[in-house]
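Below, each chain spelled out in residue letters.
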Amino acid sequence: MAYYSRLVGSGSYLPEKVLTNDQLAELVDTSDEWITERTGIKQRHIAAEGQMTSDLAREAALKAMDYAGVKASDIDLIVVGTTTPDDTFPATAVKLQAQLGMTRGAAFDLQAVCSGFVYSLSVVDAMIKAGQAKTALVIGAETMSRIVDWEDRGTCVLFGDGAGAVVLRAENGISENEPRWNQRRGILSTHIHSDGTLRDILYCDGGPSSTGDAGVIKMEGKDVFKHAVTNLSSIVGEALSANGLEAKDIDWLVPHQANKRIIDGTRKKLGMDESKIVLTVDKHANTSAASIPLALDTAVRDGRIQEGDLILMEAMGGGLTWGAALARW
Ligand code: ACO
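Residues numbered from 1 in each chain as written. Predicted model: local features only at pLDDT ≥ 70, side-chain atom pairs only at ≥ 80, totals over all residues. Heavy atoms only, no water.

### Observations regarding the environment of Val-157
Going by this rule: Starting at the N terminus, helices and strands are each numbered in turn, a helix being any DSSP run of H or I of at least four residues and a strand any DSSP run of E of at least two. A simple rule labels every residue: compare its accessible area, found with a 1.4 Å probe on the protein chains alone, to the largest value its type can have, and call it buried under 20%, exposed over 50%, or partly exposed in between. For this analysis, residues touch if any pair of their heavy atoms sits within 4.5 Å.
Within the secondary structure layout, Val-157 lies in the loop between helix 6 (153–156) and strand 7 (161–172). By relative accessible area, Val-157 is classed as buried at 1%. Setting aside its immediate chain neighbours within four residues, Val-157 contacts Leu-24, Thr-30, Ile-35, Ile-41 and Arg-44.

The structure is reproduced here in structure tokens:
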């Protein structure tokens, strides 16, 4: 029996409080013009005091479950991609499991920073194919505002808080050995990579075993930018060729929403029209693992993404980590 993963619902959540570029310019020496020109970001959402990553994850998860028409008792796996868990342990996913009233199956967090959602999709897809899960919640959720140095204008302008979720369901049939398998609805393939030697260009200067606190984001922006353009171009090519597909077959590019200029670089490499890109970075800045499902859910709910559309998701983040997932909605 060959299983594959079908995407059956999405949901997203942004905290109420909005911090615009102009408001940020009152806190650090920056301007709306500088931020917009360099990144495409106009505003970010900030979690309220006491509002944790699990709270954002739960809101997004409930919307995705509602969309998919699944109950907590149907779910047997929760994976939360996050770099800002509520606590050192237990995992945010386990907390969410309890909050949803799900009493069976497994729940765990996955740490791949901005690539966390693509990594989580990859792991869950493999588990579904192996028959280890039937209905899974895959979530990207972050409170990046808690690990930002609000006095460092080089990084604090870039990040925001939010969560996005999808429900994946195991389907039977249309395996990779059958003709036209790449026309099936669901995940076609996932591709993940990392290079730990590049740790120093993007990292958090703290942790439970090093400093005992969470630390703040440190980044060499120009180096990160260069690696992002190179790695994302190569991962996109890898995903397409693994499926016998070409860039012209993609209906929607749903990229990690870090920076409009990085997204434009990938788009140009693919020769895609701007109208085929789902761009939401202006609304919520870089929400790390949450950004792809936030963008995906936006385009699903506003009707751009239709049944059967081919979606290419790609991301790069601290580690460095990078990855892509090709799927039909
Ligand atoms: N406002 C105003 N000026 C600023 C700001 C700011 N917020 N931040 C930096 N500057 C100044 C710098 O001090 C510098 O001034 P100087 O010339 O007097 O020294 C000048 O602007 C240029 O700084 P650079 O760092 O060279 O600016 P750059 O053009 O590289 O843009 C940016 C910086 C936007 C961070 C860019 O490098 C970038 O987008 N990198 C990718 C980073 C990223 O997306 N990281 C997210 C995590 S990884 C991921 O998700 C892919």
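Next comes the rest of the description.
### Notes on the packing of aromatic side chains
Convention followed: Note on aromatic pairs: the rings of Phe, Tyr and Trp (six-membered ring only in Trp) are paired at centre separations within 6.5 Å, and the planes decide the class, stacked below 30 degrees, edge-to-face beyond 60, tilted for the rest. A ring is considered to have a charge above it if a Lys NZ or an Arg CZ atom is located within 6 Å of its centre and within 35 degrees of its normal.
Throughout the structure, instances matching the rule amount to one aromatic pair. Ring centres of Tyr-67 and Trp-329 lie 6.3 Å apart, and the angle between their planes is 75°; this geometry places the pair in the edge-to-face category. Remark: Trp-329 occurs in the segment after strand 13 (321–328) and Tyr-67 occurs in helix 3 (residues 53–68); sequence separation between them is 262 residues. Exposure remark for Tyr-67: the relative accessible area of 39% places this residue in the partly exposed category. The ring of Tyr-203 has Arg-199 sitting right over it, with the charged end atom 4.1 Å from the ring centre. Over the ring of Trp-252 we find Lys-276, and its NZ or CZ is 5.4 Å from the ring centre.

### Some remarks on the side chain of Ser-54
Here is the rule: Polar contact is defined as a pair of N or O atoms within 3.5 Å, subject to the rule that within protein one atom must be able to donate a hydrogen and the other to accept it, and that residues adjacent in sequence are counted only when both atoms are side-chain atoms.
Of note, Ser-54 is situated in helix 3. A relative accessible area of 1% means that Ser-54 is categorised as buried. Looking at Ser-54, its side chain comes within polar contact range of the side chain of Asp-86, at 2.5 Å. Once you skip the residues sitting within four places of it in the chain, Ser-54 turns out to touch Asp-86, Thr-92, Lys-95, Leu-96 and Gln-99.

### Focus: the pairing of strand 4 (residues 77–81)
What counts is decided by this rule: When DSSP finds two or more bridges between a pair of strands, those strands are recorded as paired. A clockwise course of the path from the first strand over the helix to the second, judged with the strands pointing away from the viewer, identifies a crossover as right-handed.
Counting buried residues in strand 4 gives five out of five residues, a clear majority hidden from the surface. Taking every second residue as pointing to the same face, both faces of strand 4 are buried, with Leu-77, Val-79 and Gly-81 on one and Ile-78 and Val-80 on the other. Pairing geometry for strand 4 and strand 5 (residues 106–110), over five bridges, is parallel. The residue of strand 5 that forms the bridge with Ile-78 is Ala-107. Following the backbone out of strand 4, through helix 4 (residues 92–100) and into the adjacent parallel strand 5, one traces a crossover that is right-handed. Across five bridges, strand 4 lies against strand 6 (residues 135–143) in parallel orientation. Residue pairing for strand 6: Val-80 is matched across the bridge by Ile-139.

### Points about helix 3
We count it as follows: One fewer than the residue count of a helix, multiplied by 1.5 Å, yields its expected span.
Spanning 16 residues, helix 3 covers 22 Å between terminal C-alpha atoms, matching the ideal 22 Å at 1.5 Å per step. Buried residues of helix 3: Thr-53, Ser-54, Asp-55, Leu-56, Ala-57, Ala-60, Ala-61, Ala-64, Met-65 and Ala-68, and no others. One or two steps after helix 3, the chain reaches Gly-69, where phi turns positive at roughly 70°.

### Regarding the sheet that holds strand 5
To keep things clear, this is the line we draw: With axes taken as lines fitted to C-alpha atoms, and helix axes fitted only over the stretch in contact, angles between N-to-C directions fall between 0 and 180 degrees.
Across the sheet, which stays open at both edges, the five strands sit in the order 1-7-6-4-5 with mixed pairing between neighbours. Of all strands in the sheet, those bounded by a partner on one side alone are strand 1 (3–13) and strand 5. Mean inter-strand twist for the sheet, computed between neighbouring axes without regard to direction, equals 20°. Here nine bridges tie strand 6 to strand 7, and the two strands are oriented antiparallel to one another. Paired with Thr-143 across the strands is Asp-161, a residue of strand 7. Sheet contacts for helix 5 (residues 116–129): strand 1, strand 4, strand 5, strand 6 and strand 7; angle to strand 6, the most-contacted strand, approximately 165°.

### Digging into the domain arrangement of the chain
Often the size quoted for an interface is simply the accessible area lost on bringing the parts together. Rule in force here: Boundaries between domains were set according to an automatic or database domain assignment. Buried area is a sum: the accessible area each of two parts loses on coming together, probed at 1.4 Å, counted once for each and added.
Segmentation of the chain into domains returns domain 1 (2–173) and domain 2 (185–328). The C-alpha-based centres of domain 1 and domain 2 are spaced at 14 Å. Opposite the 55 residues of domain 1 that make contact, domain 2 presents 49 residues. For the pair domain 1 and domain 2, the two sides together bury roughly 4,000 Å², of which 64% comes from carbon and sulfur.

### Topic: the packing of helix 3 against helix 4
The condition that has to hold: In these notes the angle categories are as follows: under 35 degrees is roughly parallel, over 145 is roughly antiparallel, 65 to 115 is roughly perpendicular, and the rest is oblique. Take the far helix as your reference; a near helix turned counterclockwise from it by less than a right angle gives a left-handed crossing, and one turned clockwise gives a right-handed crossing. Nonpolar residues are Ala, Val, Leu, Ile, Met, Phe, Trp, Tyr, Cys and Pro. Charged residues are Asp, Glu, Lys and Arg, and all others, Gly as well, are polar.
It is the contact of helix 3 with helix 4, at a shortest axis distance of 10 Å, that shows an interaxial angle of 55°. With respect to each other, helix 3 and helix 4 are oriented oblique. Judged by the twist between their axes, the crossing of helix 3 over helix 4 is right-handed. Along its contact with helix 3, which presents Thr-53, Ser-54, Ala-57, Arg-58, Leu-62 and Met-65, the element helix 4 presents Thr-92, Lys-95, Leu-96, Gln-99 and Leu-100. Of the residues that constitute the contact of helix 3 with helix 4, the class distribution is five nonpolar, four polar and two charged.

### As for the side chain of Thr-92
Its location among the elements puts Thr-92 in helix 4. For Thr-92, the contacting residues outside a window of four places in its chain are Thr-53, Ser-54, Thr-82, Pro-85, Asp-86 and Asp-109.

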